[in-house]
Amino acid sequence: MSVKVSPSILASNFSSLGEEVQSITKAGADYIHVDVMDGHFVPNLTIGPAVVKSIRDKSDIPFDVHLMIDPVEPYIEGFVNAGADIISIHPEANDDTDACLKKIKSHNVKAGLAINPNTDWEVVKPYMNVLDLILVMSVHPGFGGQKFISSTLDKLKALRKEIDQSGRDIELEIDGGINFENIQSVIDAGANVIVAGTTVFTGGQSEYANNIKKLRGK
């Protein structure tokens, strides 16, 4: 199973965001991970579609947009138009999850479901026929730099089994507290897309390629 790395730009230098996106693309990133927080669904506030649109031309790799917002539905089109290639939403939000996933797909954008640490993995079951990606949060969303929640490994294993049994090509993504010490355990548990912020951006642009390579378990 090939492992993809999706660096979270939340950990980059926002004063030169366009340059940072170019640098991690050249360093071998597979996706650009964009954390969107509304200060309501999660206790932090980040960016909106305008920022995503402003950096879209800085990279030719997929933009992996994680919407930690509630409501979700009114903002889907804005992120589609800004250039999102994958949009992940939360079942814990109050919108109609199925309708939102289908709306994402109607724009020829890949649909993902993101689940919080306290949410049972089985919440994904009704949506398996529409999902392209499942994003497992291994920290409580809202802030970077948190410690990896080790019980997430069991959730990954269960989801990997569910995906394999479905016969569908659904990516299994992990986000939160991923570093060089725990990367192999999450890959072994079945994750094939690794979101990392601090771990990728530590050491400056000269280290990005090496950091990404190490996260692939190489």
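For the structure itself, look to the data block above.
Residues numbered from 1 in each chain as written. Predicted model: local features only at pLDDT ≥ 70, side-chain atom pairs only at ≥ 80, totals over all residues. Heavy atoms only, no water.

Asker: Can you lay out the overall build of the protein chain for me, pointing to particular residues and giving the numbers?
Answerer: Helix and strand counts for the protein chain stand at eight helices and eight strands. For 218 residues, the compact-globule estimate of 2.2 N^0.38 gives 17 Å, and the protein chain sits close to it at 16 Å. The dimensions of the protein chain, computed from C-alpha atoms along their principal axes, are 45 × 35 × 30 Å. Residue burial in the protein chain is summarised as follows: out of 218 residues, 55% are buried. Within the protein chain, contacts between residues separated by at least 24 positions form 64% of all contacts whose residues are at least 6 apart in sequence. About 9400 Å² of surface is accessible on the protein chain, with carbon and sulfur atoms providing 47% of the total. Side chains of the protein chain give 20 positive and 29 negative charges; the mean places of these two sets differ by 6 Å. (Helix = DSSP H or I, 4+ residues; strand = E, 2+ residues; numbered from the N terminus. Rg over C-alpha atoms; globule rule 2.2 N^0.38 Å. Buried < 20%, exposed > 50% of the residue type's maximum accessible area, 1.4 Å probe, protein only. Contact = heavy atoms within 4.5 Å. Areas by Shrake-Rupley, 256 points an atom, 1.4 Å probe, with all protein chains shown as cover. Lys, Arg positive; Asp, Glu negative; His and termini not counted. Charge placed at Lys NZ, Arg CZ, Asp CG, Glu CD.)

Asker: A description of the packing of helix H3 (residues 73-82) against helix H4 (residues 97-106) should follow, citing residues and the corresponding values.
Answerer: Relative to each other, H3 and H4 sit at 20°, their axes nearing to 10 Å. Considering the angle they form, H3 stands roughly parallel to H4. In the packing of H3 onto H4, the handedness of the crossing is right-handed. Mapping the contact onto sequence places Glu73, Ile76 and Glu77 in H3 and Cys100, Lys103 and Ile104 in H4. Taken together, the residues of the contact of H3 with H4 break down into three nonpolar, no polar and three charged. (Axes fitted to C-alpha atoms, helices over the stretch in contact; angles between N-to-C directions. Parallel < 35°, antiparallel > 145°, perpendicular 65-115°, else oblique. Left-handed = near helix turned anticlockwise from the far one by under 90°. Nonpolar A, V, L, I, M, F, W, Y, C, P; charged D, E, K, R; others polar.)

Asker: Go over the nonpolar core, please, and point to the residues and values.
Answerer: The biggest cluster of nonpolar side chains holds 68 residues, and the ones touching the most others in it are Ile134 and Ile194. Among all residues touching Ile134, those that are not within four sequence positions of it are Leu113, Val124, Met128, Leu159, Ile163, Ile170, Glu171, Leu172 and Glu173. Ranked by size, the runner-up nonpolar core spans eight residues in total, among them Ile86, Ala114, Met137 and Val193. (Core = buried A, V, L, I, M, F, W, Y, C linked by side-chain atoms within 4.5 Å.)

Asker: Any chance you could break down the sheet that holds strand E6 (residues 133-137) for me, citing the residues and the numbers?
Answerer: The strand order across the open sheet formed by eight strands is E1-E8-E7-E6-E5-E4-E3-E2, and the pairing between neighbours is parallel. With partners counted over all chains shown, the strands left at the sheet margins are strand E1 (4-7) and strand E2 (32-37), one partner each. Direction aside, neighbouring strands of the sheet carry axes that sit 25° apart on average. By the bridge criterion, four bridges tie E1 to strand E8 (residues 193-196) in an arrangement that is parallel. Following the sheet pairing, Val5 is matched in E8 by Ile194. The strands touched by helix H5 (residues 152-166) within the sheet are strand E5 (110-115), E6 and strand E7 (171-175), with E6 carrying the most contacts at an inclination of about 170°. (Pairing = 2+ DSSP bridges.)

Asker: Give a detailed account of the pairing of E8, specifying residues and quantitative values.
Answerer: By the alternation rule, side chains of E8 split into Val193 and Val195 and Ile194 and Ala196, which are all buried. Inspection of the sheet shows E7 paired to E8 by three bridges, in the parallel sense. Within the sheet, the bridge partner assigned to Glu173 lies in E8 and is Val193. Where the polypeptide runs from E7 across helix H6 (residues 183-188) and back to E8, its parallel neighbour, the crossover connection is right-handed. (Right-handed = clockwise from strand over helix to strand, strands pointing away.)

Asker: Please provide a residue-by-residue account of the environment of Lys214, values included.
Answerer: By the secondary structure assignment, Lys214 is in helix H8 (residues 208-215). Of the residues examined, Lys214 reaches a relative accessible area of 35% and is grouped as partly exposed. Taking the C-alpha atoms as reference, Lys214 lies 21 Å from Val139; in sequence the two are 75 residues apart.

Asker: Go over the pairing of E2, please, and point to the residues and values.
Answerer: In terms of burial, E2 is a largely internal element, six of the six residues being buried. Burial along E2 is two-sided: the face carrying Ile32, Val34 and Val36 and the face carrying His33, Asp35 and Met37 are both buried. The sheet contact formed by E2 and strand E3 (residues 63-68) spans six bridges and is parallel. By the bridge assignment for E3, Asp35 is matched with His66. Each parallel crossover has a hand, and for E2 linked through helix H2 (residues 49-55) to E3 it is right-handed.

From the geometry alone we can't say anything about function, so treat these as descriptive.
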